[in-house]
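Examination of the molecular architecture
Now for the letters of each chain:
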Amino acid sequence: MSAPVAIGTRTKRLDAPQKLNGQERFTADLKLPGLLHARVVGSAYAHAMVKGVIKDAALAIPGVVAVLTAADLPIAPKADGTPGENPLVEDEAVFSGQPIALVLATSDAAAEDGVGAVEVDYDPLPALMRMSEAMAEGAPMVRLKTSEVSDEEASMHNADAAQDSGEERETLPPNVSNSIHFSRGDVAAGFAASDAVVELSFTSQEVHQGYLETQVAMATVEPLGDLRVYTSTQAAFYCRTRVAETVGVPLHRVDVVPMPVGGGFGGKFVLIEPLVAAAAVAVGRPVLLQFNRMEDFLAANPAPGCEITLKVGATKDGTITALESRMTFESGALGGSPLQIAAILMGGYYRFPNLEIRGYEVLTNRSKMGAYRAPGAQQGTLAIESVIDELARELGMDPMAFRLQNCVVEGDARPNGNAWPRIGLRQTLEALEAHPAWQGREEARAKGRGVGIAVGGWPGGVEPATAVCRLDADGKMTVVLGSVDLNGTNTTFSQIAAETFGLGAEDITVKTASTDSAPYAGGTGGSKVTYTVGPAVQKAAEDARQQILSIAAEHLEAAAEDLEIIDGAIRVKGVPGVSVSLREIASMSMTVGSRFEPVYGKGSSAITESAPGFAVHLAEVEVDELTGETKVVRYVAAQDVGYAINPASVEGQIHGGVAQGIGWALYEGMHYDDSGQLLTATLMDYALPKAEYVPPIETILVHVPSEHGPYGAKGVGEPPSIPGAAAVANAIRDLTGLRMTDIPIRPERLAAALDAAETARTASAAD
Amino acid sequence: MTVDVPVNGTSRREEIEPRMLLVHFLREQIGLTGTHIGCQTGQCGACTVLIDGEAVKSCMVLAAQAEGHEVTTIEGLAPAGTLHPVQQAFWEEHGAQCGYCTPAMVLSTVALLADDPDPDEHAIRHALDGNICRCTGYHNIVLSVRAAAQKVAAGAVPEPFLQR
Ligand code: FES
Ligand code: FES
């Protein structure tokens, strides 16, 4: 390959100007004639039978046009003839805030007034909010009516979740919707052979994706009968399928227009679109629903809380001998949780000759659980990276050296038996080891700081994708694709296509089209867009290039091999002055009677091997001993990215992931009272990290090229959000001697632990 | 009721419900949708506009209260087709990802630089504490504000950008 012209350079986001000057149109900014604003009437109880909905008072409010309940929605039966899933409560509400009715009005304010006037008649039922209660013998059911639990979405994020764990099913406790079991070797023998064993129990709370733009969708029935849905979705084609199934129309009668997404992080695959579409069909007018922040906390799809007990043993020379764990993951009232991937990663970063993991997904009366950036990975990683750290201490080993000694490399097995492909965990550990922040850890300690490190890995996702690359009449190239640009991927694709043509990224337009016209691409999630759509773009651009060269060859009467594309013109190598411009090629191939075919390149990819990405983070913290407040004062994030096509956007992804990791570690958690009322339903009570809570973030990009990604690139979105909680917990341990196992490590928790430790010290001193 | 709010240098006389918030006035009544809503309870800062040059959360103000005060939204920061030096700096330093917090971040930066033309890291983070960003981890936003300060100090003016 000659020296790259467009790839590998820090490239400004091509779509940034409209984001900066207010011209970007998000879904809620759209206006359609006759638009109705929707607001939901959410269940007041975490569990109740809904006996009736009284609409009259609401309908009397000026501006209110309709109050829709489950019975008013046109819900199609499933393929097997059973009733379809209704997005509104039919009779049993299973979490607080679950949509029971939808008020439609000519203004948002009138719709909100309408919600206040709708009366719902309930028969309350016991709510089960804790996993231990729900699993207890003889516990009542979280929902009286059961339905199939689907993990369809989980498989879109990582290749491992797409497989069944293939295990026997044991007899499960009540309200357990799924279980997993991974086993290898002889765990008892492994522990018997060990010199040190660490066993700890961890809890993490339910955490919200915290996208700044709440869930929003608008649907309209077009004059010719098609249903069009404008929505902030990460996954347009999946959304189309779900909408079409819900209202019972063929796929080709639904067009999903993926709008700019104001933050998704896994939480915006599909949620309110079937409801909004069904409402638009029911009333024959366009309907816009945007959750307010409270509704989003109550009725969206946050990441589940969990409890993990983990035991790991090793011999004196630092060889790990065994791992044993029991994990329970909340799966909300509707089921589904990233338990399996949590287990695979927890038992997958190091070589465990003997291993036994049992896990349970437990229903509780909480909202649906969803994907949040590397779903399952944070929770599993907190456990393993805390225990590994503690075990290194027990053995008197350096935590970096202990990790390097045991870390997995290509060919080592994950808990499910699948071997890791080429990975860069070792190289990433080494990169961080060489960094001044690690080398200078004693100086940091001397300043009263703690230093912690942690690993985080993500298996990566795969899904077939297609892209097209066409030459337009103005001589410009346009790439059209179906993947949603969450984080600058379209700029990355401009770079990839530009590289093929020897142009600058700004010379290539990349458009995400709606499902009517876009070539297929899977959802933007699981760190797979650059990895899987990138090769399709590359091939489409190459195809277009060949078509251009063959037209030029005929036109210039030269052999195609003798041609080169320079600055938007095709020239005969070594013959100055003989050239034809892209614009001329465009007009030669798109005019009446022309003998040349229009330039329309197509490229597809169906990569089946994912490219796992690893990150290793270092956190340096200070703790206020009085208040228990932890401040992260320095942060270094090393990550194997394969190859950074746009280093600026790769670093940006890492920065954002780090801040979310700090949120997991110290601030974020959703809390319910025992009756199932959410106590953290505003951004006042739910703390998203602010500018002052996050330190400057140093990044180290490691390049262990993937086999199939464009120029060796790997997915980079998930890994940076994974190690944060464990790195911070390990830093707190380093500083205070306290092993904090429950996240978030809020000041009151740490202050209480510091107090208890102090009391114990004084007591033992008095002895 | 009738209100008359000067927005981006033009007086906007509108018939509204008295309870209408300034953010809804801007978005719904006069169609300036660059002002975003992330919470409506004063925490996220996505609705920040300038009122008489001060950064204010427009979900915390009634439209009627803005009467007689100069309101500047992101649409009014620079002439159409150009980017203000602060916007340029955010572009160059990769200070925007999803873009939802971005107009508000830009306006908060403009207000900060008017008060403190050369803010250090601490001052920047402090000044932006009312503006949540979930995408950037604030790192590149801080760099953007620093770069903006330099541009403004050097007398930079709005520059045209290539409309795509
Ligand atoms: S919308 Fe005004 S502060 Fe969040
Ligand atoms: S760029 Fe997405 S919230 Fe700031």
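The structure reproduced in this document is the subject of the present report. For clarity, every value in this text was computed on a predicted model and none was experimentally measured.

What counts and what doesn't
- Residues numbered from 1 in each chain as written.
- Chains lettered and ligands numbered in written order.
- Predicted model: local features only at pLDDT ≥ 70, side-chain atom pairs only at ≥ 80, totals over all residues.
- Helix = DSSP H or I, 4+ residues; strand = E, 2+ residues; numbered from the N terminus.
- Rg over C-alpha atoms; globule rule 2.2 N^0.38 Å.
- Buried ≥ 20, exposed ≤ 12 C-beta atoms within 10 Å, placed from the backbone.
- Contact = placed C-beta atoms within 7 Å.
- Nonpolar A, V, L, I, M, F, W, Y, C, P; charged D, E, K, R; others polar.
- Core = buried A, V, L, I, M, F, W, Y, C linked by C-beta atoms within 7 Å.
- Pairing = 2+ DSSP bridges.
- Expected span 1.5 Å × (residues − 1).

Right, let's get into the overall build of chain B. Within chain B one finds five helices and seven strands. Helices and strands in chain B line up, N terminus first, as β-β-α-β-β-β-β-α-α-α-α-β. Scaling as 2.2 N^0.38, a compact globule of 164 residues should have a C-alpha radius of gyration of about 15 Å, and chain B matches this with 15 Å. The 164 residues of chain B split such that 59% are buried. Contacts spanning at least 24 positions in sequence make up 63% of the contacts within chain B whose residues lie at least 6 apart.

Contacts between the two partners involve 42 residues from chain A, matched on the other side by 42 residues from chain B. For the side of chain A that touches chain B, the secondary structure elements donating two or more residues are α1 (16-20) and α19 (647-667) of chain A. Of all the elements, α19(A) adds the most residues to the side of chain A that touches chain B, at six residues. Of the residues in the side of chain A that touches chain B, the class split is 20 nonpolar, 12 polar and 10 charged.

The next subject is the nonpolar core. If you look at the biggest cluster of nonpolar residues, it comprises 298 residues, and the most contacted ones within it are Val103(A), Val276(A) and Val728(A). Per-element tally for this core: the top contributor is helix α17 (residues 529-556) of chain A, with 12 residues.

To continue, consider the pairing of strand β10 (residues 227-231) of chain A. Residue and element names in this part refer to chain A. Counting buried positions over the five residues of β10 gives five, a clear majority of the element. Residues Leu227, Val229 and Thr231 of β10 are buried on one face, and the alternating residues Arg228 and Tyr230, pointing to the opposite face, are buried as well. In the sheet, strand β9 (residues 216-221) pairs with β10 via five bridges, with the strands oriented antiparallel. Bridging across to β10, threonine 220 finds its partner in arginine 228. Hairpin connection of β9 to β10: five residues between the antiparallel strands, including glycine 225 at a positive phi of 100 degrees. Sheet topology note: the β10/strand β11 (residues 254-258) ladder contains five bridges and is parallel. Bridge pairing in β11 places valine 229 opposite valine 256.

Residues and elements named next belong to chain A. The terminal C-alpha atoms of helix α20 (residues 724-736) lie 18 Å apart, and with 13 residues this matches the ideal 18 Å at 1.5 Å per residue to within 8%. All of the buried residues in α20 are Gly724, Ala725, Ala726, Ala727, Val728, Ala729, Asn730, Ala731, Ile732, Asp734 and Leu735. Looking at the buried positions of α20, the neighbouring elements they touch are α11 (377-395), β16 (450-458), β24 (613-623), β25 (630-640), α19 and β27 (742-743). Positive phi shows up at glycine 737, right after α20, with a value of about 80 degrees.

This next bit is on the pairing of strand β20 (residues 563-566) of chain A. All names here are of chain A. Looking at chain direction, β20 and strand β21 (residues 569-572) are connected through four bridges and run antiparallel. When the sheet's bridge partners are listed, isoleucine 566 is paired in β21 with alanine 569. In textbook terms, the turn of a hairpin is the stretch between consecutive antiparallel strands, and for β20 and β21 this stretch comprises two residues, one of which, aspartate 567, has a positive phi near 50 degrees.

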